Amino acid sequence: MREIVTLQCGECKERNYTTTKNKKTTTGRLEFSKFCKRCRKHTDHKETK
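In short, a report on the structure. Treat the numbers as computed from the prediction; the structure is a model and nothing was measured.

## A look at unusual backbone geometry
Most peptide bonds take the trans form, and the phi angle of most residues other than glycine is negative. Its identity is not glycine, yet Lys 13 carries a phi of approximately 65°, on the positive side. Within the secondary structure, Lys 13 sits in the loop between strand S1 (2-9) and strand S2 (15-22). Residue classification places Lys 13 among the exposed residues on the basis of a relative accessible area of 51%. Residue Arg 40 is not a glycine yet carries a positive backbone phi of 60°.

Structure representation (structure tokens):
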């Protein structure tokens, strides 16, 4: 049931992280505040395809 999704930085658009989510219970896109190595600061990372 869980699916692997990729997280992308909102500022530089680099795909830094992967995580899993349950598609039945979480239908929307995930969004976390994570550290971006390229920007060298915490930015919003959103789920991509």
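## Some points on the pairing of strand S4 (residues 41-48)
As paired strands, S1 and S4 are joined by four bridges and run antiparallel to one another. Bridging from a neighbouring strand, Leu 7 pairs with Glu 47 of S4. For strand S3 (residues 31-36) and S4, the ladder comprises six bridges, and the chain directions are antiparallel. Bridge assignment links Cys 36 to a residue of S4, and that residue is Lys 41. Once S3 ends, the chain turns through four residues before running back antiparallel as S4, passing Arg 40 with a positive phi of about 60°.

Parameters at a glance
- Residues numbered from 1 in each chain as written.
- Predicted model: local features only at pLDDT ≥ 70, side-chain atom pairs only at ≥ 80, totals over all residues.
- Heavy atoms only, no water.
- Helix = DSSP H or I, 4+ residues; strand = E, 2+ residues; numbered from the N terminus.
- Buried < 20%, exposed > 50% of the residue type's maximum accessible area, 1.4 Å probe, protein only.
- Pairing = 2+ DSSP bridges.

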